[in-house]
Amino acid sequence: MITAVLVVLLLAAITFGYRLLRGPTIADRVVAADGLFVVGVAAIATNAVRTGDGSFVPVAVVTTLVGFVSTSVVARYIEGRS
């Protein structure tokens with residue numbers, strides 16, 4: 001089951017990476033970057049479940065906070081450009 005989850009996460013990362021590179025607007029690229037953050041956190045959580053080691057959980061929390069703050073900053077930038 002862990003292998004299936006990792007395969008789905010890999011497909012999601014590829015899709016978000018494509019949108020990040022080909023996104024016609026800044027908003028598309030921000031959504032893609034945020035999606036990559038979510039995929040990264042899910043991969044960290046999946047690895048924590050696979051290994052049974054809870055030391056990865058704080059890394060996932062910090063990564064989530066960085067993703068939220070960066071999305072907020074870029075959204076503020078996009079709002080200011082309009």
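This text goes with the structure placed above it.
We now turn to the structure provided with this report. Residue numbers restart at each chain and count upward from 1, following the sequence in its written direction. Where totals are concerned, whole chains, interfaces and linings use all residues; where local detail is concerned, this predicted model gives features only for residues with pLDDT of at least 70, and gives and counts side-chain atom pairs only at 80 or more. To get the side-chain values, take all heavy atoms of the structure and skip hydrogens and water.

### A few points about the overall build of the protein chain
Spelled out, the test is: Strands are runs of DSSP state E lasting at least 2 residues, helices are runs of H or I lasting at least 4, and numbering of each runs from the N terminus. Buried means the residue's accessible area, taken with a 1.4 Å probe over protein chains only, is under 20% of the maximum for its type, while exposed means over 50%, and partly exposed covers the values in between. Two residues form a contact once any of their heavy atoms are found within 4.5 Å.
When you go through the protein chain residue by residue, the secondary structure sums to three helices and zero strands. Element order for the protein chain, N to C, with α for helix and β for strand: α-α-α. Viewed in the frame of its principal axes, the protein chain has a C-alpha envelope of about 45 × 25 × 10 Å. In the protein chain, buried positions account for 15% of the 82 residues. Considering only residue pairs separated by 6 or more positions, the protein chain has 49% of its internal contacts joining residues 24 or more positions apart.

### Examining the pattern of salt bridges
Rule in force here: What counts as a salt bridge is simple: a side-chain nitrogen of Lys or Arg found within 4 Å of a carboxyl oxygen of Asp or Glu.
In total, this model carries one salt bridge according to the counting rule given. Across the pair Arg76 and Glu79 runs a salt bridge, and its minimum N-O distance is 3.4 Å. You can see Arg76 and its partner Glu79 sitting in helix 3 (residues 57-81), three residues apart, about one turn around the helix. The exposure classification of Arg76 matches that of Glu79, with both residues exposed.

### Here we look at a nonpolar patch on the surface
Put simply, the rule is: Only residues whose relative accessible area exceeds 30% and that form no salt bridge are eligible for patches; like-charged ones are grouped when within 9 Å, while nonpolar side chains (Val, Leu, Ile, Met, Phe, Trp, Tyr) are grouped when within 5 Å. Only the protein chains shown count as cover for residues, with accessible areas throughout obtained via the Shrake-Rupley method and a probe of 1.4 Å.
A cluster of nonpolar side chains, namely Val7, Leu10, Leu11 and Ile14, defines an oily patch on the protein surface of about 390 Å² accessible area. Relative to the helices and strands, Leu10 is located in helix 1 (residues 2-22).

### Things to note about the packing of helix 2 (residues 26-51) against helix 3
Applied cut-off: Angles shown run from 0 to 180 degrees and are taken between the N-to-C directions of axes, each axis being a line fitted to C-alpha atoms and, for helices, limited to the stretch in contact. To sort the angles, those under 35 degrees are grouped as roughly parallel, those over 145 as roughly antiparallel, those from 65 to 115 as roughly perpendicular, and the leftovers as oblique. Note on residue categories: nonpolar means Ala, Val, Leu, Ile, Met, Phe, Trp, Tyr, Cys or Pro, charged means Asp, Glu, Lys or Arg, and polar means any other residue, Gly included.
Running from N to C, helix 2 and helix 3 point in directions that differ by 175°, and their axes come no closer than 9 Å. One way to sum up the angle between helix 2 and helix 3 is to call them roughly antiparallel. Of helix 3, the residues touching helix 2 (which contributes Ile26, Ala27, Val30, Asp34, Phe37, Val41 and Ile44) are Val59, Ala60, Thr63, Thr64, Val66, Gly67, Ser70, Thr71, Val74, Tyr77, Ile78 and Arg81. Residues belonging to the contact of helix 2 with helix 3 are distributed by class as follows: 12 nonpolar, five polar and two charged.

### Observations concerning the environment of Leu21
With respect to the helices and strands, the residue Leu21 is situated in helix 1. For the pair Leu21 and Ala32, spaced 11 residues apart in the sequence, the C-alpha separation amounts to 9.0 Å.

These figures come from the coordinates and say nothing about function on their own.
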